[in-house]
Amino acid sequence: MRHSPLNTRDRELDRFRFRLAVASGAVLLAFAILIGRFFYLQVLQHDYYTTRAEDNRISLVPIVPNRGVIVDRSGTVLARNYSAFTLEITPSKVADLDATIDAVGQLIEVLPKDRKRFRKLLEESKTFESLPIRTRLSDEEVAKFAANRFRFPGVDVRARLFRQYPLGAVGSHALGYIGRITTRDLETIEKNEQEANYKGSDHIGKTGLEQKYEFQLHGETGYEQVEIDAGGRAVRSLSRTAPVPGNNLTLTLDAKLQQITEKAFGDRRGALVAIDPSNGGILALVSTPTYDPNLFVDGIRTDDWDLLNNSPDKPMVNRALNGAYPPGSTFKPFMALAALEIGKRTASQIISDPGFFSFGGHQFRDDKKGGHGSVDMYKSIVQSCDTYYYMLANDMGIDNISRFMGALGLGSRTGIDIEGESEGVLPSQEWKKRRFKRPEQQKWYAGETISIGIGQGYNAYTPIQLAQAVATLANDGVMFRPHLVSYVTDSKTGAKTYVEPQPLRALPWKAQNIETIKKAMIGVNKEGTGARAFAGAEYESGGKTGTAQVFSLKGADYRSGKLKQELRDHALFIAFAPADKPKIALAVLVENGGFGAQSAAPIARMVFDYYLLGKLPKGAAPEDETVEEEE
Amino acid sequence: MLQQFLHRLWVRLVEHLDGPLLLITSALMMVGLATVFSATYDANNRALSQLLNMLVGIAVMWCVAQVPPQKLMRFAVPLYVLGVVLLLCVFLFGVKVNGAKRWLSLGFTRIQPSEILKIAMPLMLAWYFHKYEASLRFRHFVVAGLLLIVPFALIAKQPDLGTAILVGAAGFYVIFFAGLPWKVIVGMIAAGAGAAPFVWTMLHDYQRKRLLTLIDPTTDPLGAGYHIIQSTIAIGSGGAFGKGWLAGTQTHLEFIPERHTDFIFAVFSEERGLLGNSVLVILYTLLIVRGMMIAANASTLFSRVMAGSITLSFFTYAFVNMGMVSGIVPVVGVPLPFMSYGGTALVTLFLALGILMSIQTHRMLVKK
């Protein structure tokens with residue numbers, strides 16, 4: 001049945017309107033979903049998106065603080081900063097590095113050595129870091145580049161603070177140096193939870209005080225909050241937190257003394273540690289040859305590095321801390337003191353020296369043919385009688401010796417406030433067990449104790465251990481930890497924090513025994529092996545010479561002149577002055593210097609003369625071939 | 001005398017305009033102008049230029065409104081044929097811009113033929129259904145489907161998924177209002193769901209990427225996800241009341257891409273907040289409600305389905321754009337009606353508005 005046209009029309013209209021209603025419903029539903037979405041974003045998640053928007057627009061630009069300055073005890077500057085312009089390239093922003101460097105080279109001189117250094121930095125760094133191709137630009141060079149800057153995307157002139165060591169090589173083993181931060185340094189920074197503070201820093205202390213006091217010297221990084229646009233360009237500054245400069249270090253070191261001492265060594269290899277016995281402050285810490293720390297600051301050139309690294313004299317090794325040497329006869333005063341303390345000897349007890357000591361069918365020879373005759377303790381030290389100490393060592397036994405010497409700090413790190421100390425070797429039964437693997441080697445033989453008595457055998461100590469020991473003796477048994485920094489000055493408050501003001505321990509030595517040893521050591525410099533070096537001194541001092549064997553001659557005559565230089569014995573000398581109230585105690589080592597009295601003692605004399613009197617000794621040549629040596 | 005003349009002139013001027021539609025679109029245009037002003041505030045302000053676009057659009061609207069729907073129908077076939085021919089030309093000799101062939105070079109200028117289809121498509125289908133009104137059979141829906149598919153495929157192939165969807169939707173709305181059986185609609189939805197995996201393999205890489213980044217924009221934070229991440233940050237940080245006009249940091253520090261065109265809603269939303277968004281959605285709702293009323297009261301089948309299709313197209317534009325900017329619809333290039341900067345899109349909108357007004361104001365004449 002067909003509907004009438006009108007009927008069809010109405011039905012169709014109804015159907016259409018129904019569909020309109022369905023569509024309207026869909027529209028309202030869709031818009032409701034949209035409003036729901038807006039409500040979710042703008043009300044429920046508002047805080048989150050506000051943070052996101054702020055993170056977008058605000059960038060923190062670190063402001064690197066000025067590194068703390070290092071001065072010596074009298075205020076002489078040892079490490080400071082200067083500001084200079086550098087030409088820097090960000091490798092990741094440059095397509096062809098060589099072409100860019102060539103083009104820049106047309107404007108500003110870039111030497112082959114600069115390129116080499118840049119290459120080296122490139123290997124060590126990430127490509128998005130800005131690396132210097134030229135440092136210390138002149139104003140003219142800066143202007144020239146500024147005018148052409150548009151031609152070199154990724155190349156920029158920056159004002160940077162540089163570290164400078166005004167005295168150059170003087171005291172470099174104590175000061176150390178800074179260098180660019182490497183991945184290994186980053187681990188250190190992370191371990192100390194300093195990541196935030198090192199954003200923007202390129203340099204970090206690598207060795208010496210620069211390394212040990214890194215977190216004092218660095219300072220607190222400041223921040224500038226800048227608003228940036230989507231392209232990362234800074235639009236305006238929002239706020240600024242100023243950086244806090246690093247704390248300054250004031251050393252116990254005397255820069256002038258250090259300089260004079262280094263000069264006294266000449267081109268000889270060796271070490272000297274001078275300590276103020278009353279507080280453990282180090283007055284001079286010398287290891288020769290030295291190096292110029294300034295070379296390292298903006299990346300060391302390869303040829304300089306090769307020179308330092310490949311030199312047979314090993315200038316990068318800090319001999320004062322790292323080198324372990326047999327103490328030779330400088331060991332004797334401590335042996336004597338041990339004997340008195342333990343009761344194995346009295347000062348006046350006399351032995352007869354035939355020129356050798358027999359033990360187990362072996363003859364331990366004294367240097368003096370025929371022997372020293374009747375020897376008491378005083379004479380044993382003044383004349384450096386070996387037989388006396390062979391017998392003493394045998395009487396005391398290794399356990400007594402190692403216990404006493406261990407308490408004196410020998411054979412363990414002193415804990416000086418720079419890195420790189422070695423332990424040395426304090427021979428003992430236990431040490432031998434640790435040192436050797438096979439059971440027959442691990443056993444301590446009584447015969448081995450004999451040569452320990454004269455500072456030979458397994459004995460090996462660092463110069464700083466010897467210096468600490470003699471300083472402790474000079475200070476009547478009150479022992480300090482040797483330290484280079486006297487105090488740290490807080491850059492904000494100006495407050496001074498003293499390093500190591502308290503003694504480490506007081507050794508319970510009898511005053512009378514100390515007096516005996518000191519008297520004998522004064523005798524050394526008056527009438528004994530040190531007398532020549534200290535002739536005419538205006539102060540009383542105590543000392544002890546020593547010679548450490550490098551090469552065993554197996555009984556043959558020792559004639560230094562006939563031996564190759566590197567096989568000659570090491571010369572040692574320990575001393576303190578003034579004798580009644582010691583202000584300075586030291587240990588000197590001259591590698592392959594021969595007799596201690598000959599090459600080491602005169603250096604000690606120079607140090608004392610300058611430190612106590614402010615002058616250099618007249619006519620005291622650093623090396624005097626005519627001195628008769630008996631050790 | 002003069003007064004009389006002026007009165008007649010005024011009557012002549014407004015007799016084919018629809019007051020409510022004009023009022024609602026004027027409100028939207030004012031909001032749009034202020035937002036374009038803010039979005040382009042930092043460089044090269046486009047507000048004035050957009051105002052000129054609007055005036056041109058209004059002139060076009062007025063002219064179209066004068067034409068009775070019966071006469072509009074005459075344009076249906078020629079406009080549709082012209083559109084399809086031009087689309088074929090694009091397919092054969094189109095200019096490639098940014099990897100898509102959408103433009104046809106005329107030597108002195110370039111035109112985008114897909115824009116024509118936004119009007120020509122519903123016009124054509126409405127004309128077709130009107131023609132066979134008395135004897136509508138299922139095969140007519142099949143033919144209508146073919147008329148829809150051809151331009152849709154050509155545009156989608158360019159590729160321009162956004163415009164293809166808009167053109168396709170406009171055509172589909174006509175078919176829907178013409179009475180496409182519900183069975184067929186349900187069947188199509190089921191078939192669409194079933195075909196989804198096959199469609200997925202046919203999509204271009206960038207289209208797939210857009211769909212994937214919609215699900216999780218953070219997978220490509222600097223690439224395709226960047227737009228969505230930055231616009232949602234803008235919307236979310238706007239909060240309930242917005243950061244204030246000209247004070248949106250996402251806008252003025254240039255974090256929002258395409259901020260005066262497709263992403264203008266992010267600018268508006270950041271500076272006006274949820275309150276502004278609600279007002280905007282209400283304005284669009286009013287626009288749609290008025291369009292529905294016009295459709296409901298239209299006197300011919302052509303007028304009805306045409307008005308219904310145009311109205312739902314306005315909704316589609318608004319919903320897809322706001323949904324895209326707020327991250328619930330994939331990123332497709334759809335401008336926000338009466339808000340986004342751009343002359344062509346605006347003129348097309350006003351043209352559609354003119355047709356609506358024509359349908360409304362010529363209704364009485366037909367009934368008489």
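What counts, and at which threshold
- Residues numbered from 1 in each chain as written.
- Chains lettered and ligands numbered in written order.
- Predicted model: local features only at pLDDT ≥ 70, side-chain atom pairs only at ≥ 80, totals over all residues.
- Helix = DSSP H or I, 4+ residues; strand = E, 2+ residues; numbered from the N terminus.
- Buried ≥ 20, exposed ≤ 12 C-beta atoms within 10 Å, placed from the backbone.
- Contact = placed C-beta atoms within 7 Å.
- Nonpolar A, V, L, I, M, F, W, Y, C, P; charged D, E, K, R; others polar.
- Core = buried A, V, L, I, M, F, W, Y, C linked by C-beta atoms within 7 Å.
- Domains from an automatic or database assignment.
- Pairing = 2+ DSSP bridges.
- pLDDT = per-residue confidence, 0-100.
- Expected span 1.5 Å × (residues − 1).
- Arc of directions from axis to C-beta.
- Axes fitted to C-alpha atoms, helices over the stretch in contact; angles between N-to-C directions.
- Parallel < 35°, antiparallel > 145°, perpendicular 65-115°, else oblique.
- Left-handed = near helix turned anticlockwise from the far one by under 90°.

1. Thoughts on the overall build of chain B
- On a plain count of helices and strands, chain B comes out with 16 helices and three strands.
- Counting the 368 residues in chain B, one finds 48% classified as buried.
- Contacts in chain B between residues far apart in sequence, at least 24 positions, make up 71% of those at least 6 positions apart.

2. Looking at the overall build of chain A
- Scanning chain A from terminus to terminus reveals 22 helices and 23 strands.
- Sequence-distant contacts in chain A: of pairs separated by 6 or more residues, those separated by 24 or more amount to 74%.

3. What to know about the interface of chain A and chain B
- With 31 residues of chain A at the contact, the number on the chain B side is 35 residues.
- Looking at the side of chain A that touches chain B, the elements that each hand over two or more residues are helix H1 (5-44) and helix H2 (46-57) of chain A.
- A total of 18 residues in the side of chain A that touches chain B trace back to one element, the largest contributor, which is H1 of chain A.
- Residue composition of the side of chain A that touches chain B, grouped by class: 17 nonpolar, six polar and eight charged.

4. A closer look at the nonpolar core
- Val-273, Val-470, Leu-586, Val-588 and Val-607 of chain A are the most contacted members of the largest nonpolar core, which totals 115 residues.
- Here this core gets eleven residues from one element, more than from any other, and that element is helix H16 (residues 386-407) of chain A.
- Of the residues that make up this core, three or more belong to each of domain 1 (60-90 + 108-148 + 156-251) and domain 2 (255-613) of chain A.
- Among all residues touching Val-588 of chain A, those that are not within four sequence positions of it are Leu-272, Leu-572, Phe-573, Ala-600, Ile-603 and Ala-604 of chain A.
- Judged by nonpolar contacts, the second largest core, of 110 residues, contains Ala-53 of chain A together with Phe-263, Met-324 and Leu-336 of chain B.

5. Quick look at the pairing of strand S22 (residues 570-577) of chain A
All names here are of chain A.
- With respect to burial, S22 is a largely interior element, eight of its eight residues being buried.
- Neither face of S22 is exposed, since His-570, Leu-572, Ile-574 and Phe-576 on one face and Ala-571, Phe-573, Ala-575 and Ala-577 on the opposite face are all buried.
- The pairing of strand S21 (residues 542-548) with S22 spans seven bridges and is antiparallel. Directly across from Gly-542, in S22, lies its bridge partner Phe-576.
- The pairing of S22 with strand S23 (residues 584-590) spans seven bridges and is antiparallel. Each bridged residue has a counterpart across the sheet, and for Ile-574 the counterpart in S23 is Ala-587.
- Here S22 folds back onto S23 in antiparallel fashion, the turn holding six residues.

6. Description of the confidence of the model for chain B
Residue and element names in this part refer to chain B.
- Confidence along chain B averages 89 in pLDDT terms, with 95% of residues attaining 70 or more.
- Confidence, read as mean pLDDT per element, is least for helix H16 (residues 363-367) in chain B (56) and greatest for helix H13 (residues 264-297) (96).
- For this predicted complex, the interface score ipTM comes out at 0.94, while the overall pTM is 0.69.

7. Some details on the sheet that holds strand S2 (residues 100-105) of chain B
Residues and elements named next belong to chain B.
- The strand order across the open sheet formed by three strands is S1-S2-S3, and the pairing between neighbours is antiparallel. Here the strands that pair on one side only, and so sit at the sheet edges, are strand S1 (95-97) and strand S3 (110-111).
- By the bridge criterion, two bridges tie S2 to S3 in an arrangement that is antiparallel. If you follow Ser-105 over to S3, its bridge partner there is Arg-110.

8. What to know about helix H2 (residues 19-39) of chain B
Residues and elements named next belong to chain B.
- Compared with the 30 Å implied by 1.5 Å per residue over 21 residues, the 30 Å span of H2 between its first and last C-alpha is a close match.
- Residues of H2 that are buried include every one of Leu-21, Ile-24, Thr-25, Leu-28, Gly-32, Thr-35, Val-36, Ser-38 and Ala-39, and no others. Considered in projection along H2, the buried side chains sweep an arc of 155° and stay on one side of the axis. Across H2 from its buried face, at more than 90 degrees, point the exposed residues Gly-19 and Met-30.
- Residues of H2 that are buried sit in contact with helix H3 (47-66), helix H12 (249-252), H13 and helix H15 (343-361).

9. Examining unusual backbone geometry
Residue and element names in this part refer to chain A.
- Of note, the amide linkage connecting Thr-288 to Pro-289 takes the cis form, showing an omega dihedral of -5°.
- Pro-578 follows Ala-577 through a cis peptide bond whose omega is -15°.
- Along the chain, Pro-578 falls in the loop between S22 and S23.
- In this structure, Ser-384 is a non-glycine residue whose phi angle is positive, near 55°.
- Ser-384 sits in the buried class, given 31 other C-beta atoms within 10 Å.

10. Some points on the packing of helix H5 (residues 76-93) of chain B against helix H7 (residues 138-157) of chain B
All names here are of chain B.
- Running from amino to carboxyl end, H5 crosses H7 at an angle of 30°, the nearest separation of the two axes being 10 Å. Of the possible angle classes, the one that applies to H5 and H7 is roughly parallel. Helix-helix and strand crossings are classified by hand; for H5 and H7 the assignment is left-handed. Residues Gly-83, Val-84, Leu-87, Leu-88 and Phe-91 of H5 pack against Val-150, Pro-151, Leu-154, Ile-155 and Lys-157 of H7.

11. Thoughts on the sheet that holds strand S12 (residues 282-288) of chain A
Residues and elements named next belong to chain A.
- Judged by pairing direction, the sheet is antiparallel, and its five strands sit side by side in the order S12-S11-S23-S22-S21 without closing on themselves. Whereas interior strands pair on both sides, the edge strands pair on one side only; in this sheet they are S12 and S21. Within the sheet, the average angular offset between the axes of one strand and its neighbour, ignoring direction, is 5°.
- Here helix H20 (residues 463-474) sits on the sheet in contact with strand S11 (270-275), S22 and S23, set at roughly 150° to S23.

12. Here we look at the environment of Pro-503 of chain A
Residue and element names in this part refer to chain A.
- Within the fold, Pro-503 resides in the loop between strand S19 (496-498) and strand S20 (505-506).
- With 16 C-beta atoms packed within 10 Å, Pro-503 lands in the partly exposed category.
- For Pro-503, the contacting residues outside a window of four places in its chain are Val-478, Met-479 and Phe-480.

13. What to know about the packing of helix H14 (residues 301-325) of chain B against H15 of chain B
Residue and element names in this part refer to chain B.
- The interhelical angle for the contact between H14 and H15, taken along N-to-C directions, is 145°, at an axis separation of 10 Å. For H14 against H15, the interelement crossing comes out left-handed. Contacts between H14 and H15 involve Ser-303, Met-306, Ala-307, Ile-310 and Ser-313 on the former and, on the latter, Ala-352, Ile-355, Leu-356 and Ile-359.
- Grouping the constituent residues of the contact of H14 with H15 by class yields seven nonpolar, two polar and no charged.

14. What to know about the confidence of the model for chain A
Residue and element names in this part refer to chain A.
- Looking at chain A as a whole, its pLDDT mean stands at 87, while 93% of the residues score no less than 70.
- Low confidence marks residues 553-558, where pLDDT is under 50. Its contacts with residues over four positions away, or in another chain, come to one contact.
- A low-confidence stretch, residues 619-631 stays under pLDDT 50, and its non-local contacts, those more than four residues away or across chains, total 31 contacts.

15. As for the environment of Leu-203 of chain B
Residue and element names in this part refer to chain B.
- As for its placement among the helices and strands, Leu-203 is situated in the loop between helix H9 (182-202) and helix H10 (205-215).
- Note on Leu-203: 15 C-beta atoms within 10 Å, which makes it partly exposed.
- For the pair Leu-203 and Pro-159, spaced 44 residues apart in sequence, the C-alpha to C-alpha distance is 9.8 Å.

16. Re the environment of Pro-181 of chain B
Residues and elements named next belong to chain B.
- Considering the arrangement of structural elements, one finds Pro-181 in the loop between helix H8 (161-177) and H9.
- C-beta crowding within 10 Å serves as the criterion here: with 10 such atoms nearby, Pro-181 is assigned to the exposed category.
- With 43 residues separating them in the primary sequence, Pro-181 and Phe-138 have C-alpha atoms 8.7 Å apart.

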